[in-house]
Amino acid sequence: MYLKALHIIFVVTWFAGMFYMPRLFIYNTEAEKKPDPAKQILHEQFALMMQRLWYGITIPSALLTLILGPIVMFQEGWDKVLFDQPGRWLLVKLIFVIFLYLYFLSLHNIFRQQVKGIFTYTSQQLRIWNEVATLFLVAIVMLAVVKQSMSLVWGLAGLVALIVVLVCAIRIYKLLRPK
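Computed from a predicted structure; not experimentally measured. (Residues numbered from 1 in each chain as written. Predicted model: local features only at pLDDT ≥ 70, side-chain atom pairs only at ≥ 80, totals over all residues. Heavy atoms only, no water.)

Caption draft 1: Seen up close, the overall build of the protein. When its secondary structure is counted, the protein shows six helices and zero strands. Looking at the protein as a whole, 35% of its 179 residues are labelled buried. Sequence separation of at least 24 residues holds for 78% of the intrachain contacts in the protein that already meet a minimum separation of 6. Summed over its atoms, the accessible surface of the protein is roughly 11000 Å², and 73% of this surface lies on carbon and sulfur atoms. (Helix = DSSP H or I, 4+ residues; strand = E, 2+ residues; numbered from the N terminus. Buried < 20%, exposed > 50% of the residue type's maximum accessible area, 1.4 Å probe, protein only. Contact = heavy atoms within 4.5 Å. Areas by Shrake-Rupley, 256 points an atom, 1.4 Å probe, with all protein chains shown as cover.)

Written as structure tokens, this is what we have:
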């Protein structure tokens, strides 16, 4: 039970980093429009904040999540039913987790670029990319909690509905945001 609790704690801290990091990317990107010396000061401050968040919280949490997840899975015997009907929810969850780690790596790539002063994406693109973590969080938590009671069709429909809501919210925010 203690390992499962630690796994959940590190998942939460990992997600906290993945939620906040794109916000820092957005602010750092928007600092490009500021005149010097404010632009330089902001870039230095955001680079420092990103490095501390990424190396101090996000990467260690991702690694500990990756270590503790399989340990908990084997402790609770889910490895034995992973490909059977009772364990299908876990198989789907693990597929989402693989994609979550790919998303995590994409954030790392953006982080490395921004620290070097390379701004490949607009703040609007980063706002959209920021919401991807939300989709993973909802999908993974729903699968972990509801397990085999969840219908694949309704689960996907709910995820699509969430995507629509998030896209609408981003567009509304863009319209209402002061220029």
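That was the structure; now back to the text.
Caption draft 2: A look at the pattern of salt bridges. Scanning all chains against the criterion turns up two salt bridges. Note that E76 is salt-bridged to K4, the shortest N-O span being 3.4 Å. Taken together, the positions of E76 in the loop between α2 (38–75) and α3 (88–115) and K4 in helix α1 (residues 2–30) put the pair 72 residues apart, joining distant regions of the chain. One salt bridge in this structure joins E30 and R127, with 3.1 Å as the shortest N-O distance. Of the two residues, E30 sits in helix α1 while R127 sits in helix α4 (residues 123–130), which places them 97 residues apart along the sequence. (Salt bridge = Lys/Arg side-chain N within 4 Å of Asp/Glu carboxyl O.)

Caption draft 3: A look at the packing of aromatic side chains. Inspection of the entire model under this criterion finds 12 aromatic pairs. Consider the rings of Y103 and W129, whose centres lie 5.2 Å apart with planes at 50°: the pair is tilted. Here Y103, found in helix α3, pairs with W129, found in helix α4; they are 26 residues apart in sequence, far enough to count as distant. Assessed through its relative accessible area of 34%, W129 is described here as partly exposed. Put simply, the rings of W14, F15, F19, W54, Y55, Y101, F104 and F111 pair up and form one aromatic cluster. (Phe/Tyr/Trp six-rings, centres within 6.5 Å; stacked < 30°, edge-to-face > 60°.)

Caption draft 4: View of a nonpolar patch on the surface. Where nonpolar side chains cluster on the molecular surface, the patch consists of I95, I98, F99, L102 and L105 and spans about 500 Å² of accessible area. Relative to the helices and strands, I98 resides in helix α3. On the accessibility criterion, I98 (55% relative accessible area) is exposed. (Patch = residues over 30% accessible without salt bridge, like charges linked within 9 Å, V, L, I, M, F, W, Y side chains within 5 Å.)

Caption draft 5: Fine view of the side chain of S61. Locating S61 in the fold gives a position in helix α2. At a separation of 2.7 Å, a polar atom in the side chain of S61 contacts the side chain of T13. Setting aside residues up to four positions removed in sequence, S61 forms contacts with F10, T13 and W14. (Polar contact = N/O pair within 3.5 Å; in protein donor to acceptor, adjacent residues only side chain to side chain.)

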